[in-house]
Amino acid sequence: PVNRLESVQEARLKLPVCGEEQVIMEAIRNNTVVIICGETGSGKTTQVPQFLYEAGWSHPDSDNPGLIGITQPRRVAAVSMAKRVGHELNLPGNEVSYQIRYDATTSSKTRLKFMTDGVLLRELSQDLLLTKYSVLIIDEAHERNLNTDILIGVVSRVLRLRAELSREDRKKIKPLRVVIMSATLRVTDFTENKTLFDKPPPVINVDARQFPVSVHFNKRTPDDYVGESFKKISKIHERLPAGGILVFLTGQNEITHLCKLLRQKYPSLPPKASQKEKKAEDQANKLESQTENLPNGQADIENEDVDIGENDEIEEDFDLESDEDDTDIEEGFDDEELGESARDAPLHVLPLYSMLPTEAQLRVFQPPPEGTRLCVIATNVAETSVTIPGIRYVVDCGKAKDRKFNVETGIQSFEIDWTSKASADQRAGRAGRTQAGHCYRLFSSAVFDHEFEKFSLPEIKRMPLEGVVLNMKAMNIDQVVNFPFPTPPPRESLYKAEKLLQYLGGVDKMTKHITEFGEAMSLFPIAPRLAKMLIIGQQHGCLPYVIIMVSALSVGNPFDHDEGQRQKNIMTFISETSDILTLITTVGAYEYAGGSDSFCRDHGLRQKAMTEIRQLRRQLTNIVAANFPGVDICVDPKLNPPNKKQVKILQQILTAGFIDSIAVRADVLEAGGGKGARHKNASGVAYKLMWSNEDAFIHPTSVLYIQEPPVMVAYSELTQTPNNTWMKGVTAVES
Ligand code: ADP
Ligand code: MG
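Residues numbered from 1 in each chain as written. Chains lettered and ligands numbered in written order. Predicted model: local features only at pLDDT ≥ 70, side-chain atom pairs only at ≥ 80, totals over all residues.

**Looking at the overall build of the protein**
Right, on to step 1. Across its full length, the protein carries 25 helices and 21 strands.
Right, on to step 2. Counting the 735 residues in the protein, one finds 45% classified as buried.
Right, on to step 3. In the protein, the share of contacts with a sequence separation of at least 24, taken over all contacts with a separation of at least 6, comes to 75%. (Helix = DSSP H or I, 4+ residues; strand = E, 2+ residues; numbered from the N terminus. Buried ≥ 20, exposed ≤ 12 C-beta atoms within 10 Å, placed from the backbone. Contact = placed C-beta atoms within 7 Å.)

Okay, structure coming up:
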């Protein structure tokens, strides 16, 4: 028997999911897999685990004594939902716990366990049958995170195994139940996928009351969306009736910056607030500046805010006076609605992103201080994972930071880009949970119509497959080619990725298991081939250079696109044997000069790329320092250029990383060896690609183009023109 507080009981009965309790429980009893779809905020995450708990699941004396496990793609959600459900069930101790990568509240008393899907995947590698659990809820399946997809694939197999074993001896092993929960209705990838579930699982749709949300597009689409959101928030706060504001930006830097600006402009507490309240507010704000300490210095894989892609500085001088208000009526800033001028009213500004310390995150759920307006500045974590109470206005920049990968180089990065129409609609919906609301989109309707995709691509489609495969191997999933992915990549590509990992030494050729070396590779959030360079770089004492090299390769070409300019510039930093070593010298010179804008301008370098390289360099240095005891390393801005011996070693390291991207001069191959004919430069000199036997040429932008072409080269990039294949990022291989 559950003893909920009256206020809790009242609130939960209003949630649409609670109207479906019987239907849901009936379906779970009669099916091994059930899918529940419902609008964000309808109560799926907080209520379904409670239904199971109340029906006796996870009770030691029941027929299903195993834990109720709930997975979330995001750490924020795992922690806050565990706290919320514990509170709603009014349970003492740790009966409702959470576990995220570096923090857990689980104990022997635990009956409900919230965790990130990464945590469950790691458990799977220890206990393939997941014997601890009697039921698993896989939440936020619509997000199509790589981890969630893999989890659904593995669990579809665990289900069969558990069913078979329990038929043999039900006392020893009980069958497992699985509930997949999703916010949108696009679940056909799960239901119609025969390799996943041979019988399509039932889908329960929860009808949510949603109040109307008026959507207002900007006439123009400003580049500076942080500045634009500042203006919009000010307008809303000063002119529109009470109600919380939720702002969507893309990452931590933008969010902390906007919070700072808003806090400078508006007081956070009413003038009559007591000293005690002021002090409490100060202390709460201080929590924010403590960074979440991840023991291995690595941005968590469960974290969507890996701040590599973004450091655009924002001008502080927002031109508020020149507000053109011609769009006021359209935007819902209607005179009739204008209340008393709220110009000096307090604004309770809170950030929300996943690297924020947990305690600071949880503040968004508390009611704002009396007489103030809540204003939460969030990443897309507030899109579907958490529902913030009392939101009536949404301000949406329309962008998100996502993992992207360069199809040509297979190198991944984090980039800010338009989100999808489905996501933008989710964001707008956040304004209509409790009453009619407004959504202000900081982009034009033309941009929305023409530049937004309908849905976001599943993450597996956006990642280099060799990284995916390495991750799976690190979780002890060895059979990747036949793996039941919800959206399977082409078998051929999976096969190739596995082969590449074998060449790189990350996977054992015979057993298909990950090697110790592969495990070290999987620590780094970069392509496996680059990770390999980092690890062998340590063995040769060239680490600081390798880190720069790998950072530059991950970020991509920092040279300006104007080829003429670039030709001139490379001359300054030129290395005779490699385009990539040229990159190292370039980054070194840039740091030596203090990393200034003018240096970039003078030398034709893209400022943004150089900043990103610097950030990644710092991050990789931290990971190495944290994971490889005995390696003494820091970021040295005055690093000398590599000496002759080091250059040789760096060339070897590059070759090892691009072992599958080697080309040999065609004339030398035909002659069966030797030095081949003499050439003044690489113009018209054909190379054979080692793994495909195609012809390719050194691209004219390469430093190797203007000298005697080497017999063997490694390349980091291939580009095609109608008549030729070109190699870029070329390094001479010592024979
Ligand atoms: P769904 O999973 O369907 O999106 P949730 O179960 O997360 O919905 O949310 C249901 C309701 O519970 C929402 O109205 C939300 O505001 C409320 N809620 C969730 N967590 C908290 C919390 N920590 N404090 C207060 N209310 C919360
Ligand atoms: Mg939810």
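**Remarks on the nonpolar core**
Generally speaking, a soluble globular protein has its nonpolar side chains buried in company with each other.
Right, on to step 1. Counting 173 residues, the largest nonpolar core has Val-376 and Met-549 as the members making the most contacts within it.
Right, on to step 2. With ten residues, the top contributor of residues to this core is helix H19 (residues 543–555).
Right, on to step 3. The residues touching Met-549, leaving out its near neighbours within four places in the chain, are Met-533, Ile-580, Leu-583, Ile-584 and Leu-650. (Core = buried A, V, L, I, M, F, W, Y, C linked by C-beta atoms within 7 Å.)

**Focus: the pairing of strand E7 (residues 177–182)**
Successive side chains on a regular strand alternate, one facing one side of the sheet and the next facing the other.
Right, on to step 1. Across the six residues of E7, six count as buried, placing the element largely inside the fold.
Right, on to step 2. With burial as the criterion, each face of E7 is covered, one bearing Arg-177, Val-179 and Met-181 and the other bearing Val-178, Ile-180 and Ser-182.

**Describing the sheet that holds strand E21 (residues 725–732)**
Picture the strands of a sheet paired through backbone hydrogen bonds; they go either parallel or antiparallel.
Right, on to step 1. As summarised here, the arrangement of the five strands in space is E17-E18-E19-E21-E20, forming a closed barrel in which the pairing is mixed. In this sheet, adjacent strand axes meet at a mean angle of 50° when their direction is disregarded. (Pairing = 2+ DSSP bridges. Axes fitted to C-alpha atoms, helices over the stretch in contact; angles between N-to-C directions.)

**Digging into the site of ligand 1**
Right, on to step 1. Neighbouring residues of ligand 1: 15 residues in total, closest Lys-44, Thr-45, Thr-46, Arg-84 and Phe-365.
Right, on to step 2. Elements with a minimum of two residues in the shell around ligand 1: helix H3 (44–54) and helix H4 (75–89).
Right, on to step 3. Broken down by element, the residue count for the shell around ligand 1 peaks at four residues, all from H3. (Near = placed C-beta within 6 Å.)

**Here's the deal with the packing of H19 against helix H23 (residues 607–627)**
Right, on to step 1. Running from N to C, H19 and H23 point in directions that differ by 130°, and their axes come no closer than 8 Å. Taken together, the axes of H19 and H23 are oblique relative to one another. Between H19 and H23 lies a crossing whose hand is right-handed. Counting all contacts with H19, which are made through Leu-543, Ile-547, Ile-548, Val-550, Ser-551, Ala-552, Ser-554 and Val-555, the residues of H23 involved are Ala-609, Glu-612, Ile-613, Leu-616, Arg-617, Leu-620, Thr-621 and Val-624.
Right, on to step 2. Looking at side-chain class alone, the contact of H19 with H23 contains eleven nonpolar, three polar and two charged residues. (Parallel < 35°, antiparallel > 145°, perpendicular 65-115°, else oblique. Left-handed = near helix turned anticlockwise from the far one by under 90°. Nonpolar A, V, L, I, M, F, W, Y, C, P; charged D, E, K, R; others polar.)

**Comments concerning unusual backbone geometry**
Glycine aside, a negative phi is what most residues show, and trans is what most peptide bonds show.
Right, on to step 1. If you check the backbone angles, Leu-130 has positive phi at about 50° while not being a glycine.
Right, on to step 2. Counting through the fold element by element, Leu-130 comes out in the loop between helix H5 (117–126) and strand E6 (133–138).
Right, on to step 3. In this structure Leu-130 comes out as buried when scored by C-beta crowding, with 22 C-beta atoms within 10 Å.
Right, on to step 4. Of note, the phi angle at Asn-476 is positive, near 65°, even though the residue is not glycine.
Right, on to step 5. Relative to the assigned elements, Asn-476 resides in the loop between helix H15 (465–474) and helix H16 (491–504).
Right, on to step 6. Judged by C-beta crowding, with 14 C-beta atoms within 10 Å, Asn-476 ranks as partly exposed.

**Side note on helix H10 (residues 275–289)**
Right, on to step 1. The terminal C-alpha atoms of H10, which comprises 15 residues, lie 22 Å apart, in line with the 21 Å expected from a rise of 1.5 Å per residue.
Right, on to step 2. Buried residues are scarce in H10, accounting for zero of its 15 residues. (Expected span 1.5 Å × (residues − 1).)

**Some words on the confidence of the model for the protein**
Right, on to step 1. For the protein, the mean per-residue pLDDT works out to 85, and 88% of the residues sit at or above 70.
Right, on to step 2. Overall, residues 293–330 carries pLDDT values under 50, and its contacts beyond four positions in sequence, including any with other chains, amount to 76 contacts.
Right, on to step 3. Note that residues 335–341 has pLDDT below 50 and, in this model, five contacts with residues that lie over four places away or in other chains.
Right, on to step 4. Both scores are given for the predicted complex: the pTM is 0.75, the ipTM 0.98. (pLDDT = per-residue confidence, 0-100.)

**What about the sheet that holds strand E4 (residues 103–104)?**
Right, on to step 1. With mixed pairing, eight strands are arranged side by side in an open sheet as E4-E3-E5-E2-E6-E7-E1-E8. With partners counted over all chains shown, the strands left at the sheet margins are E4 and strand E8 (203–206), one partner each.
Right, on to step 2. Sheet topology places strand E1 (residues 33–38) next to E7; five bridges connect them, and they run parallel. By the bridge assignment, Ile-35 is partnered in E7 with Ile-180.
Right, on to step 3. On top of the sheet, H5 reaches strand E2 (67–72), strand E3 (96–100) and strand E5 (112–116); it is set at about 100° to E5, its chief contact.

**Here's the deal with the environment of Gln-502**
Right, on to step 1. Its place among the elements puts Gln-502 in helix H16.
Right, on to step 2. In this structure Gln-502 comes out as partly exposed when scored by C-beta crowding, with 16 C-beta atoms within 10 Å.
Right, on to step 3. Remark: the alpha-carbon pair of Gln-502 and Ser-692, spanning 190 residues in sequence, is separated by 18 Å.
Right, on to step 4. Residues in contact with Gln-502, not counting those within four places in the same chain, are Val-507 and Lys-509.

**Topic: the packing of H5 against helix H6 (residues 146–168)**
Two measures define how a pair of helices packs: the angle their axes make with one another and the distance between the axes.
Right, on to step 1. In the contact formed by H5 and H6, the axes pass within 9 Å of each other and the chain directions differ by 40°. Looking at the two axes, H5 sits oblique to H6. For the element pair H5 and H6, the recorded crossing hand is left-handed. Contacts between H5 and H6 involve Asp-117, Gly-118, Leu-120, Leu-121 and Leu-124 from the first element and Asn-147, Thr-148, Ile-150, Leu-151 and Val-154 from the second.

**Here's the deal with the environment of Val-79**
Right, on to step 1. With respect to the helices and strands, the residue Val-79 is situated in helix H4.
Right, on to step 2. Note on Val-79: 24 C-beta atoms within 10 Å, which makes it buried.
Right, on to step 3. For the pair Val-79 and Glu-123, spaced 44 residues apart in sequence, the C-alpha separation works out to 18 Å.
Right, on to step 4. If near-sequence neighbours (up to four positions away) are discounted, Val-79 is found in contact with Tyr-98, Ile-100 and Thr-358.

**Concerning the pairing of strand E13 (residues 391–396)**
Right, on to step 1. Burial analysis of E13 places six of its six residues in the buried class, which makes it a mostly covered element.
Right, on to step 2. Here strand E10 (residues 244–248) runs beside E13; their pairing, made up of five bridges, is parallel. By the bridge assignment for E13, Ile-245 is matched with Tyr-393.
Right, on to step 3. When E13 meets strand E16 (residues 437–441), the two strands line up parallel, connected through four bridges. Bridged to Val-394 within E16 is Cys-439.

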